[in-house]
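Chain residues, written in single-letter form:
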Amino acid sequence: MSSFYLTNLVLVQATITGLLLALSIQVPIRMGVFSFAGAGAYGFGCYAGAILVLDYQMAAVPTIVITGLLAGLVVLVVGLLIAKLNGLYLAMATVAFCLIISVVAINGGELTGGSTGRYGVISDFTMGHMFAIGAIALVLVALSERGKLGRRVDAVREDPELAASMGINVRRYRLVAFAVSGVLGGVAGAMNILVRSAVSPLDIGFPLIVLALTMIIVGGSLSWKGAVIGALIFTWLPDLLAVVGEWQELIYGIIVAIAAVLLPRGLYGVYVDTKRSVLRRRRQEATDKATAQTPPPTSTGDTTDIDRLAPEMEAQR
Amino acid sequence: MSTPNTAETLPTTGPAGGAPASPGGVAVLECDDVCVHFGGVKAVDGISLQLLPDTIHGIIGPNGSGKSTLIGAITRLTKLTSGRLLFDGEEYQSSPASVVARKRVARTFQTVRLLPDLTVLENIQLGADGRTHDEGPRPNLLKRLLGKQISPAVGEAIERTNLQGFESFYPSELSYGTQRRVEIARAISTGPRLLLLDEPTAGMNQTERAEISALLQSLRTGGLSQLLVEHDVQMMIDTCDHVFAMNFGKLIAEGRPKDVVQSPQVQEAYLGRKWRDHA
Ligand SMILES: Nc1ncnc2c1ncn2[C@@H]1O[C@H](COP(=O)(O)OP(=O)(O)O)[C@@H](O)[C@H]1O
Ligand SMILES: [Mg+2]
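Caption draft 1: Layout of the site of ligand 1. All names here are of chain B. As a structural note, the neighbourhood of ligand 1 is formed by Phe-38, Val-41, Ala-43, Pro-62, Asn-63, Gly-64, Ser-65, Gly-66, Lys-67, Ser-68 and Thr-69. Here an oxygen atom of ligand 1 and a backbone polar atom of Gly-66 are 3.0 Å apart. Out of a free accessible area of 570 Å², ligand 1 has 59% covered by protein chains. When the residues that make up the shell around ligand 1 are grouped by side-chain class, the tally is four nonpolar, six polar and one charged.

Put into C-alpha cells, the structure is as follows:
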C-alpha cells in the first residue's frame, strides 16, 4: 500500500461514507422529494450498527445489511406518514425526523449510551468491504439514472401530472425514494461506526444535512457523478484548507455560496451544459456546410424540400 | 345513456368521411353525468357522452367552456365532483390517473409539457416505456438497464409525426410547433386505444395543421378512439367524424361537424354570425 493511502485512510473512509450520505439525499431530490431523512437514517445507522456489534456480537456484513434494511423501513414509514406533504413542509418534517433521532440518541439510556454515546465498536470490517459496498451502491444508483427508470424518475420530478398520464404511479416512486434514501443513509452510518468505532449524539443530526446538501449543491444534484464530485471536494477540502488555519470556515463558506449562486446545477451541471452547447454548435456547423453545398430551396415552395430541411432550419434558429 | 340528455342531438349518418362508426359497436369511453365543480365554478356540469372506436370526435366551445377540464376528468387528473366514467363498459371514476393511463388512455396537454433534460427521442420513448400490451420477446435485461433500448413504437411515432432528424435535439432547441409534434408522438408511442388531444395545433401554421389533421385521420384504424379539442372550426370539420359543442360546462349540441357548427345554439354560443355567412 502506498504511504499516501495509509496516511489518508481516514479521509478515504470519510469520502465513501460521505458519498453514500450525499446519495441518500440526492436520490429523493432526483424524484422531486425534498427529504433530508437520509441524514436521520445515517444517525440511526451509526447507533444501530454500534448496538448490533456491541450487544449482539454481530459480524460486519450482517450488521450493515440489517442496519440498511431497518433504516430503509424506518424512513419508509416516515414517508408514509408525510406522503401528502410537499416542498418546504415535507423538508421540515424530515428535519424533524433527524432531530427526533438525535433526541432518542441522547435519551436512549444504556442502549444508546446517553450523551457519551457508544464506543469500542470493533468488528471484522475491512476496507475491502467498504470499497465493495460503496461500489455496489454507486452502480445501483447509476443504473437508476439510465434507460426507462431514469426517464421515469425525471418525469416524476419535473412533472408528476405528466408522469401519471404516462402510467407512472407517482406515489409509489416517491415512497421508494424514501426507502432507498433510508437504506443508503443507514448503510453509510453503519460503515461510519465500523471504521470510527465510536458515536455520540454530537456526531449526528443537523450538521449531516448541511454536509450532504453542500456536497450535492456544489457537485450537482441530478447525477451520482455530482455526488461523487461533491463528496471528494468536501471531504478533502477541509483537510487541505487546514493550512490557512482559522480562515478555513470562511473559504469553505465562500465556495458554497459561489456554487449556489453561479452554478445552480453544480459542477456536474456545468459539464452537462458545456457538452450540450458543443453538440449544438457542431450541429450548426454541419448544417451550415450542408446549406452551403446544396442550392437554396426555390421560392416556389416545394413542400417535400422544406420538410427535408426542417431539422436544419430549426438548428439555425 | 342513463340520464336524459338536454343537448340537441343532430342526425348522425355516420362519420363525415372514411369508415362508418361501427354500428352498435360498444363505446370505448362513456361519460355519465360527469360534473367537475371548482368551488362555485361549474367547469363541467353534467356531461354525458360516448366515444366510439375508429372515430375522431371533436369538442368545440368558447374559452372557459370546460373542454380541458373534461379531458382532465376523463384522464382522472382532475377530480370529479360527481358522475360515472366507463372504459370498455367498466366504471373507473375512482381509479388513479396512472391506472387509467395503463388502460391505454393517452393525452396531450394544452400547454407543451416536455421534459427539458431529455432529448426528443427520450421524450417519445417515455411514452413507449409505459407499454404493457406488446407481445413477443422482451429486450434483454442488460440492454434495458443500460438504457440502450428504443422501442419500435418510437420509430413509428417519429415517422408519423415527421420528426426524423430531430431525435437528438433537446426541447428548448425546437420551435413551438415542433415541440407539439413531439408531444403527439409521445402520446402515439404509448399505443393508445383512446387518444385525447387538447389543442394540439395551437401555435402551428396552416401547413402544419393540415399535416396533423392528416396524421389523426391516418390513425383512425385498429379501434382507436380520438377526442380532439381545437378552435379552428374548418379543421374540425375536415378532421372529425363527430363533434360535441360545449358551453358553460354543458353539452349544447352534438352530431356531424357541419350540422353542429351550423346549429343555432352553437352559432349563438360560440361562432357568431360570421360562420353562418361563410357557410
Ligand atoms: N384548477 C382549477 N381551479 C379553479 N377553476 C378552474 C380550474 N381549472 C379550470 N377552472 C375553470 O373552469 C372553467 C373551464 O376551464 P377549461 O376547462 O380550462 O376551459 P376550456 O378548456 O374550454 O377553455 C374556467 O372557468 C376555468 O377558469
Ligand atoms: Mg382548454
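Having put the structure on the table, let's press on.
Caption draft 2: Up close: the coordination of the magnesium ion (ligand 2). All names here are of chain B. At 2.0 to 2.1 Å from the magnesium ion (ligand 2) lie its protein donor atoms, namely Ser-68 (OG) and Gln-110 (OE1). Here Gln-110 lies in the loop between strand 7 (105-108) and helix 3 (120-129) and Ser-68 lies in helix 1 (residues 67-74), a separation of 42 residues in the sequence. Taking relative accessible area as the criterion, Ser-68 reaches 27% and is therefore assigned partly exposed. Gln-110 gets classed as partly exposed once you look at its relative accessible area, which sits at 34%.

Caption draft 3: The arrangement of the packing of helix 4 (residues 60-82) of chain A against helix 9 (residues 170-196) of chain A in detail. Residues and elements named next belong to chain A. Put simply, helix 4 and helix 9 touch, their axes get as near as 7 Å, and they point 145° apart. In this structure, the crossing between helix 4 and helix 9 has a hand that is right-handed. Residue-level inspection shows Ala-60, Ile-64, Thr-67, Gly-68, Ala-71, Gly-72, Val-75, Leu-76, Gly-79, Leu-80 and Ile-82 of helix 4 in contact with helix 9, the latter providing Arg-171, Leu-175, Phe-178, Ala-179, Ser-181, Gly-182, Val-183, Gly-186, Val-187, Ala-190, Met-191 and Leu-194. Taken together, the residues of the contact of helix 4 with helix 9 break down into 15 nonpolar, seven polar and one charged.

Caption draft 4: Seen up close, unusual backbone geometry. Residue and element names in this part refer to chain A. The phi angle at Gln-57 is positive, at roughly 50°, despite the residue not being glycine. On the accessibility criterion, Gln-57 (63% relative accessible area) is exposed. Positive phi outside glycine occurs at Ser-197, with the angle close to 70°. Mapped onto the fold, Ser-197 is located in the loop between helix 9 and strand 2 (198-199). Overall, the relative accessible area of 22% leaves Ser-197 in the partly exposed class.

Caption draft 5: Fine view of the packing of helix 11 (residues 224-241) of chain A against helix 12 (residues 248-262) of chain A. Residues and elements named next belong to chain A. Between helix 11 and helix 12, whose axes approach to 9 Å, the crossing angle comes to 145°. Classified by chirality, the crossing of helix 12 by helix 11 is right-handed. From helix 11, Phe-234, Leu-237, Pro-238 and Leu-241 reach across to helix 12, where they touch Gln-248, Ile-251, Tyr-252, Ile-255 and Val-256. When its residues are assigned to classes, the contact of helix 11 with helix 12 shows eight nonpolar, one polar and no charged.

Caption draft 6: View of the nonpolar core. The biggest cluster of nonpolar side chains holds 82 residues, and the ones touching the most others in it are A:Leu20, A:Met191, A:Leu194 and A:Ile204. Those residues in contact with A:Ile204 that lie beyond four places of it in its chain are A:Gly43, A:Cys46, A:Tyr47, A:Ile101, A:Ser102, A:Ala105 and A:Val199. One finds B:Ala185, B:Leu219, B:Val260 and B:Val266 within the second-largest nonpolar core, a separate group that totals 40 residues.

Caption draft 7: Up close: the state of the cysteines. Enumeration over the complete set of coordinates arrives at zero disulfides over all chains. In this structure B:Cys240 is not part of a disulfide, and its nearest cysteine sulfur, from B:Cys31, lies 16 Å away.

Caption draft 8: Representation of the interface of chain A and chain B within the structure. On the chain B side, the residues contacting the 31 residues of chain A number 38 residues. Of the roughly 3,100 Å² buried where chain A meets chain B, counting both sides, 55% is carbon and sulfur surface. On the surface where chain A and chain B come into contact, there are seven salt bridges. The closest approach of N and O atoms between A:Glu161 and B:Arg113, which form a salt bridge, is 2.9 Å.

Caption draft 9: Here's a closer look at the domain arrangement of chain B. All names here are of chain B. By domain assignment, chain B separates into domain 1 (1-10 + 27-104 + 192-279) and domain 2 (116-191). Both sides of the domain 1 and domain 2 interface together cover about 1,300 Å² of buried area, and 62% of this is carbon and sulfur. When the buried area of domain 1 at its contact with domain 2 is split by residue, Arg-104, Pro-192 and Leu-215 rank highest and sum to 33% of it. At the boundary of domain 1 and domain 2, one finds zero salt bridges. There are four residue pairs in polar contact (both at pLDDT 80 or more) connecting domain 1 and domain 2. Contributing elements (two or more residues each) for the side of domain 1 that touches domain 2: strand 8 (194-198) and helix 7 (206-218). With five residues, the top contributor of residues to the side of domain 1 that touches domain 2 is helix 7. Considering only residue class, the side of domain 1 that touches domain 2 consists of nine nonpolar, two polar and six charged.

Conventions and cut-offs
Residues numbered from 1 in each chain as written. Chains lettered and ligands numbered in written order. Predicted model: local features only at pLDDT ≥ 70, side-chain atom pairs only at ≥ 80, totals over all residues. Heavy atoms only, no water. Near = heavy atom within 4 Å. Polar contact = N/O pair within 3.5 Å; in protein donor to acceptor, adjacent residues only side chain to side chain. Areas by Shrake-Rupley, 256 points an atom, 1.4 Å probe, with all protein chains shown as cover. Nonpolar A, V, L, I, M, F, W, Y, C, P; charged D, E, K, R; others polar. Donors = N, O, S within 2.8 Å, 3.2 Å for Na, K, Ca; no water. Helix = DSSP H or I, 4+ residues; strand = E, 2+ residues; numbered from the N terminus. Buried < 20%, exposed > 50% of the residue type's maximum accessible area, 1.4 Å probe, protein only. Axes fitted to C-alpha atoms, helices over the stretch in contact; angles between N-to-C directions. Left-handed = near helix turned anticlockwise from the far one by under 90°. Contact = heavy atoms within 4.5 Å. Core = buried A, V, L, I, M, F, W, Y, C linked by side-chain atoms within 4.5 Å. Disulfide = S-S within 2.5 Å. Buried area = accessible area lost by both parts, 1.4 Å probe. Salt bridge = Lys/Arg side-chain N within 4 Å of Asp/Glu carboxyl O. Domains from an automatic or database assignment.

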